[in-house]
Amino acid sequence: MNFIDTVKGSLLEGFYPSGWDLPRIDACIDPDPGTATRRQDFWHPDFEPVVCDTLADFEVRMGHEIAREISDARRQDRKIALILPVGPMGMYRWAVYFLREWNVRCDHVWGFNMDEWSDAEGQTLPSDDPAAFQNAMEAAFYGPL
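The structure displayed is predicted, hence computed values, not measured ones.

### Structural notes on a nonpolar patch on the surface
Consideration 1: Nonpolar side chains collect at one region of the surface, where F3, L12, F15 and W117 lie side by side and expose about 390 Å² of accessible area between them.
Consideration 2: Positionally, L12 belongs in the loop between α1 (3–7) and α2 (22–26).
Consideration 3: For L12, a relative accessible area of 34% corresponds to the partly exposed category.

Encoded structure:
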């Protein structure tokens, strides 16, 4: 069983843009999850995957890494732009925790929400719409900072 074989007739049929070649995208990964951390020749030389045993471990580690990047940029007196995922969201409470604990101001940070949806004219949902990614990020990360 796989996504391509089961999407037909599901609520996701017709959801993805018609130009997406789903079999080609699927071919980019090995179907064996045990190979996910095996180094690939196209990876950046400094990239090392980190395995997390639980979602809670992932949230703490990812939150720490986001906070560390922001803190390093502050210490180096440089601006930083981050493309941030909007789901899962648990890492943001940890990023906020670390940044507050370390007393790091964030006026040098610009965040872009990954996967924000728009219509054909590029209009996104109003930021106060409960389904807007901007709304979720304001609640979980930008607002608490």
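### Examining the layout of surface pockets
Consideration 1: Taken as a whole, the largest pocket encloses approximately 270 Å³ of empty space.
Consideration 2: What lines the largest pocket is simply F47, E48, P49, V50, C52, F58, R61, M62 and E65.
Consideration 3: Grouping the constituent residues of the lining of the largest pocket by class yields six nonpolar, no polar and three charged.
Consideration 4: If you add up the space inside the second largest pocket, you get close to 210 Å³.
Consideration 5: Looking at the lining of the second largest pocket residue by residue, the classes come out as five nonpolar, two polar and three charged.

### Here's the deal with the pairing of strand β2 (residues 109–113)
Consideration 1: With five bridges joining them, strand β1 (residues 80–84) and β2 adopt parallel strand pairing. Within β2, the position partnered with I80 by the bridge is V109.

### So, the confidence of the model for the chain
Consideration 1: For the chain, per-residue confidence averages 91 on the pLDDT scale, and 100% of positions sit at 70 or higher.
Consideration 2: Mean pLDDT values over the elements of the chain span from 85, in α1, up to 98, in helix α4 (residues 91–101).

### Digging into the pattern of salt bridges
Consideration 1: Counted according to the given criterion, the structure contains eight salt bridges.
Consideration 2: For D72, the salt bridge identified is with R75, shortest N-O distance 2.3 Å. On the criterion of helical spacing, the pair formed by D72 and R75 is a turn pair, its members being three residues apart in helix α3 (residues 55–75).
Consideration 3: Classification of R75 by relative accessible area gives exposed; the value is 60%.
Consideration 4: Here the residues in one salt-bridge network are E65, R68, E69, D72 and R75, joined through shared partners.

About the criteria used
- Residues numbered from 1 in each chain as written.
- Predicted model: local features only at pLDDT ≥ 70, side-chain atom pairs only at ≥ 80, totals over all residues.
- Heavy atoms only, no water.
- Patch = residues over 30% accessible without salt bridge, like charges linked within 9 Å, V, L, I, M, F, W, Y side chains within 5 Å.
- Areas by Shrake-Rupley, 256 points an atom, 1.4 Å probe, with all protein chains shown as cover.
- Salt bridge = Lys/Arg side-chain N within 4 Å of Asp/Glu carboxyl O.
- Helix = DSSP H or I, 4+ residues; strand = E, 2+ residues; numbered from the N terminus.
- Buried < 20%, exposed > 50% of the residue type's maximum accessible area, 1.4 Å probe, protein only.
- 1 Å grid on protein atoms, 1.4 Å probe; cavity = no way out; pocket = protein on both sides within 12 Å on 5 of 7 lines; lining within 4 Å.
- Points joined across faces, edges and corners; volume = space filled by probe spheres on them.
- Nonpolar A, V, L, I, M, F, W, Y, C, P; charged D, E, K, R; others polar.
- Pairing = 2+ DSSP bridges.
- pLDDT = per-residue confidence, 0-100.

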